[in-house]
Amino acid sequence: MADTRVCDKFNMDNDCIMAAPCTPMLDNGDVNLEGFEAYADNMVTTGINSLFVNGTLGEGMSMTVTERKAALEQWIKLKPDRFKTIIAHVSCSSIRDTTELAKHAAGAGADAIAVMCPTLFKPSSITQLVKYLKAVADQAPDTPFLYYDINVLTGVIFDTGEVMRQCKAEIASFSGIKYSCRELGNFEAAQLESENGRYKLAVGAVDEMLLPWLPLGAHVPICHSLMGTIHRATREAYQAGDMKAALASQDSAQKVGIIKRKYGSDIPISKAILRMMGVDMGPVRLPLQDMAPEAYEQLQSELKAVNFLP
């Protein structure tokens, strides 16, 4: 009999361009559920067809469990005719909250759930990490499960290939990695454990570095929601063997990245740029800080100068 696993029903094809959306907020800091639809429609126009929600860019770790449930439900409500796949990030400081969100995501209809390493009380070994991940995954046994590796924020650096090997052995629903690290070699170690794409490798490192990941077996790029057009152009050119066009598109992403880094924290800048694109995302939550008006105007001017904005 064929060895059929949960991962085999988790499909992210070569047309998948996934965004990690920000979360619309009202001026008082509440989640603006009514703002999701216009944002979703904007993403579709840029070629984005899948979502990784309540993640880092979505300020998920700054939201309550109740807010994250409501946000996920709203994204899933907007899925028909817009998005192929929705992955729900469910990590919290408390494993009880994490498992609650995992069970909710499975029941709400998320296509997969993702969990990162705890950020305060950290595992001291891969075995300890996998034990933690399994405790969460077992609460949603029929839903594909991804390990969200983002060592730049967690401060925990393990051999991702070995994490993947142990997850495959211990977690029945394990389906792949959401890799948001910078180390190409560590990613390649994970690729060797992917069984020719049976286990998915979604890359969300930095937008201006998509092209180097593609030859190493990145199955799905996860980008800022404002970068869908550039990401799609880069990957389509690469897949067509047109490296000149792929490099030109990657250069465009690099120019945007250089400008963004001049202005500080990523999430406030992303929300500011979305506002420039006609999508009002509202403020960020403390301790993040919104852009000052004068910085906003300067950023807008620089993005126009590189033809990112009209």
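All of these numbers come straight from a predicted model, not from anything done at the bench.

Procedures and definitions
- Residues numbered from 1 in each chain as written.
- Predicted model: local features only at pLDDT ≥ 70, side-chain atom pairs only at ≥ 80, totals over all residues.
- Heavy atoms only, no water.
- Buried < 20%, exposed > 50% of the residue type's maximum accessible area, 1.4 Å probe, protein only.
- Helix = DSSP H or I, 4+ residues; strand = E, 2+ residues; numbered from the N terminus.
- Pairing = 2+ DSSP bridges.
- Right-handed = clockwise from strand over helix to strand, strands pointing away.
- Phe/Tyr/Trp six-rings, centres within 6.5 Å; stacked < 30°, edge-to-face > 60°.
- Lys NZ or Arg CZ within 6 Å of the ring centre and 35° of its normal.
- Core = buried A, V, L, I, M, F, W, Y, C linked by side-chain atoms within 4.5 Å.
- Contact = heavy atoms within 4.5 Å.
- Salt bridge = Lys/Arg side-chain N within 4 Å of Asp/Glu carboxyl O.
- Expected span 1.5 Å × (residues − 1).
- pLDDT = per-residue confidence, 0-100.

**Side note on the pairing of strand β4 (residues 112–116)**
Judged by how many residues are buried, β4 sits mostly within the fold: five of five residues are covered. Where strand β3 (residues 85–89) and β4 come together, three bridges link them in parallel fashion. Within β4, the position partnered with H89 by the bridge is A114. Each parallel crossover has a hand, and the one from β3 via helix α3 (residues 95–108) to β4 is right-handed.

**Thoughts on the packing of aromatic side chains**
The tally for this structure, following the rule as stated, stands at seven aromatic pairs. Grouped by ring-pair contacts, the aromatic residues F36, Y39 and W75 constitute a single cluster. A cation over an aromatic ring shows up here: R275 above the ring of Y296, its NZ or CZ 4.8 Å from the ring centre.

**Here's the deal with the nonpolar core**
Side chains of a nonpolar character, in soluble globular proteins, are inclined to be buried together. Among the nonpolar cores identified, the biggest contains 79 residues, and L51, W75, L133, F145, F174, L303 and F308 are the most heavily contacted of them. Ranked by residue count, the leading element in this core is helix α4 (residues 126–137), at seven residues. Once residues lying within four places of it in the same chain are set aside, the contact partners of L133 are V115, F145, Y147, C167 and I171. Counting residues in each nonpolar core, the second largest holds 19 residues, with F10, A112, Y148 and I150 among its members.

**A short note on the pattern of salt bridges**
According to the stated counting rule, one finds 17 salt bridges in the structure shown. Notably, a salt bridge pairs K168 with E195, separated by 3.1 Å at the nearest N-O pair. With K168 in helix α6 (residues 160–170) and E195 in the loop between α7 (184–191) and β7 (200–203), this pair connects stretches of sequence that are 27 residues apart. In this structure K168 comes out as buried when scored by relative accessible area, which is 18%. For E195, a relative accessible area of 35% gives the class partly exposed. Residues R198 and E195 are paired through a salt bridge, measuring 3.6 Å at the closest nitrogen-oxygen approach. Members of the salt-bridge network, linked through shared partners, are D15, K84, R232 and E236.

**Structural notes on helix α2 (residues 65–77)**
For α2, spanning 13 residues, the distance from its first C-alpha to its last is 18 Å, which sits close to the expected 18 Å at 1.5 Å a residue. Restricting attention to buried positions, one finds in α2 the residues V65, E67, R68, A71, L72, Q74, W75 and I76. Turning to α2, the residues buried within the fold contact α1 (36–45), β2 (50–53), β3 and α3.

**Considering the confidence of the model for the protein**
This prediction gives the protein a mean pLDDT of 92; 98% of its residues lie at or above 70. For the protein, the element scoring lowest by mean pLDDT is strand β8 (residues 220–224), at 86; α2 scores highest, at 98.

**Observations regarding unusual backbone geometry**
Where the residue is not glycine, phi is negative for most of them; where a peptide bond is considered, it is trans in most cases. With an omega of 15°, the peptide bond running from L286 to P287 counts as cis. Examined against the element boundaries, P287 turns out to sit in the loop between α11 (266–276) and α12 (293–305). At N307, a residue that is not glycine, the phi angle is positive and equals roughly 65°. Inspection of the secondary structure puts N307 in the segment after α12.

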